[in-house]
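Given next are the chains, with one letter for each unit.
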Amino acid sequence: MADVAREAGVSGQTVSRVANGKSNVDRATRERVMAAMRRVGYRPNSAARALRNGQFRNIGVIMSTAPAFGNSRTLNAIAAAVVAKGFSIILMPVTEPSQGEVTGAFNRLNEQAVDGVIILIEQHQLDESDIELPQGLPVVVIDSSAHYDYPVVDTDQAEGAAFATQHLLDLGHPTVWHISGPPESYSAGRRLKSWRATLERAGREVPPALTGDWSSQSGYDHGLRLPDDVTAVFAANDQMALGLLRALHELGREVPGDVSVVGFDDMEDAAYFWPPLTTVRQSFEAVGSDAVAALLAEIAGEQRGAATVSVPTELIIRSSTAPPRHP
């Protein structure tokens, strides 16, 4: 640090501020110090800084390797929020959400000197009890119905599914069919339960739920077998809705003239489906930033124990829904 200070013509305190990511250094001085660091080969020692400050400024993320649109978007939001706070991210994938896999990932992160862990595992095992998390590190859990003694952050899945179902009922459809996500998904389960409860509150017939796997293919397959008298379908994500739209088109059933369709997620391409898709928007950015904020509060000792942060949804109405042609 003394070499850098001499090279840049600044004090050792200024070099320390730059090395620790402090904001009270003007841009020109910061750039001069960074250039001096590169010339003399200086690298801040994170281990020494952790001993001094009590923080490694690393956040671990345990995440399922199962492909999921929401998980990838949430991870991007977590990474952006972590970097904005001057931390780094260490990703630890797990192939299945079992006790052994999660405990192993947790222990490996502990060995890599992280200050806290965010758990982003959208699946659960129906034949297993809730996973017990090791003690010793601050933890935030995203998208879980388990009763952990940690903060839990999630989209209000039930609200979003109720918005979708009620929108179709308000248009005059006698009932709403549902293509659900896979049974091992927390969010799919919540959406399914809310769809059913919304129909029951309205005194409407509850059709049998059609189980998909989040893929466009599963939405397409169910669309080909959809009964002729169906006038409205709520698909649990936009990708299954996309497959459904193709199947209805191939069958010569107009959307929304013959069948209205609502999705969930509001993925970037949803506005460019044909017809543009009515869907439920969930803010992955808010989930990611709220999770990071909750974890940093735990790390700073400002928050202890369980707390739930529920991120609201929004119904985005486009051209794939309309009143039924023959009420």
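Residues numbered from 1 in each chain as written. Predicted model: local features only at pLDDT ≥ 70, side-chain atom pairs only at ≥ 80, totals over all residues. Heavy atoms only, no water.

**Section: the sheet that holds strand β9 (residues 260-265)**
And step 1. Reading across the sheet, the six strands line up as β7-β6-β8-β9-β10-β12 and stay open at both edges, with mixed pairing between neighbours. The outermost strands of the open sheet, each flanked by one partner alone, are β7 (210-211) and β12 (313-316).
And step 2. Relative to strand β8 (residues 232-235), strand β6 (residues 177-180) runs parallel, the two being bridged by three bridges. Across the sheet, the residue bridging to Ile179 is Ala235, located in β8.
And step 3. Of the strands in this sheet, β8, β9, β10 (278-282) and β12 are in contact with helix α7 (residues 157-170), which crosses β9 at around 165 degrees.
And step 4. The strands touched by helix α8 (residues 186-201) within the sheet are β6, β8, β9 and β10, with β6 carrying the most contacts at an inclination of about 170 degrees. (Pairing = 2+ DSSP bridges. Helix = DSSP H or I, 4+ residues; strand = E, 2+ residues; numbered from the N terminus. Contact = heavy atoms within 4.5 Å. Axes fitted to C-alpha atoms, helices over the stretch in contact; angles between N-to-C directions.)

**Remarks on the sheet that holds strand β5 (residues 151-155)**
Think of a sheet as strands paired side by side through backbone hydrogen bonds, with each pair either parallel or antiparallel.
And step 1. Pairing within the open sheet is parallel, and its six strands lie in the order β2-β1-β3-β4-β5-β11. Of all the strands in the sheet, the pair left with one neighbour each is β2 (88-94) and β11 (307-311). For this sheet, the mean angle separating the axes of adjacent strands, direction not counted, is 20 degrees.
And step 2. In this structure, strand β3 (residues 116-120) lies alongside strand β4 (residues 139-142), joined through four bridges in parallel fashion. When the sheet's bridge partners are listed, Leu120 is paired in β4 with Ile142.

**Quick notes on the side chain of Asn237**
And step 1. Here Asn237 is to be found in the loop between β8 and α10 (238-250).
And step 2. Polar contacts involving the side chain of Asn237 include one to the main-chain carbonyl oxygen of Trp214, which spans 3.0 Å.
And step 3. Not counting residues up to four positions away in its chain, the partners in contact with Asn237 are Trp214, Gly263, Phe264 and Asp265. (Polar contact = N/O pair within 3.5 Å; in protein donor to acceptor, adjacent residues only side chain to side chain.)

**Examining the nonpolar core**
And step 1. Judged by nonpolar contacts, the single largest core of 24 residues is most densely connected at Leu226, Val233, Leu244, Leu248 and Val261.
And step 2. Among the secondary structure elements, those contributing two or more residues to this core are β6, β8 and α10.
And step 3. Considering every element that reaches this core, the biggest residue donor is α10, with five residues.
And step 4. The contact partners of Val233, leaving out residues within four places of it in the chain, are Leu168, Val176, Trp177, Ile179, Leu226, Leu244, Val259, Ser260, Val261 and Val262.
And step 5. The next biggest cluster of nonpolar side chains, apart from the first, holds 21 residues, and it includes Ala81, Val153, Val287 and Val311. (Core = buried A, V, L, I, M, F, W, Y, C linked by side-chain atoms within 4.5 Å. Buried < 20%, exposed > 50% of the residue type's maximum accessible area, 1.4 Å probe, protein only.)

**Notes on the packing of aromatic side chains**
And step 1. Under the counting rule described, the total for this entry stands at one aromatic pair.
And step 2. Seen from their ring centres, Phe234 and Phe264 are 6.4 Å apart, and the 40 degrees between their planes marks the pair as tilted. Residue Phe234 is found in strand β8, and its partner Phe264 is found in strand β9; the two are separated by 30 residues along the sequence. The residues Phe234 and Phe264 share a single accessibility class, namely buried.
And step 3. Here Arg191 stacks its cationic end above the ring of Phe264, 3.8 Å away from the centre of that ring.
And step 4. Sitting over the face of the ring of Tyr220, Arg246 holds its NZ or CZ atom 5.1 Å from the ring centroid. (Phe/Tyr/Trp six-rings, centres within 6.5 Å; stacked < 30°, edge-to-face > 60°. Lys NZ or Arg CZ within 6 Å of the ring centre and 35° of its normal.)

**Description of the side chain of Gln157**
And step 1. With respect to the secondary-structure elements, Gln157 resides in helix α7.
And step 2. Taking the relative accessible area as the measure of exposure, Gln157 reaches 3% and is therefore buried.
And step 3. Among residues more than four places away in sequence, those in contact with Gln157 are Ser187, Arg190, Arg191, Phe264 and Gln282.

**So, helix α3 (residues 27-40)**
And step 1. For α3, built from 14 residues, the straight-helix expectation of 20 Å at 1.5 Å per residue is met to within 8% by its first-to-last C-alpha distance of 20 Å.
And step 2. Taken together, the buried positions of α3 are occupied by Thr29, Val33, Ala35, Ala36 and Met37.
And step 3. Those residues of α3 that are buried are in contact with α1 (2-8) and α2 (12-19).
And step 4. Put simply, Asp26 is the residue that caps the front of α3, since its side-chain oxygen is 3.2 Å from the backbone nitrogen of Ala28.
And step 5. A positive backbone phi angle near 75 degrees is found at Gly41, which sits one or two residues after α3. (Expected span 1.5 Å × (residues − 1).)

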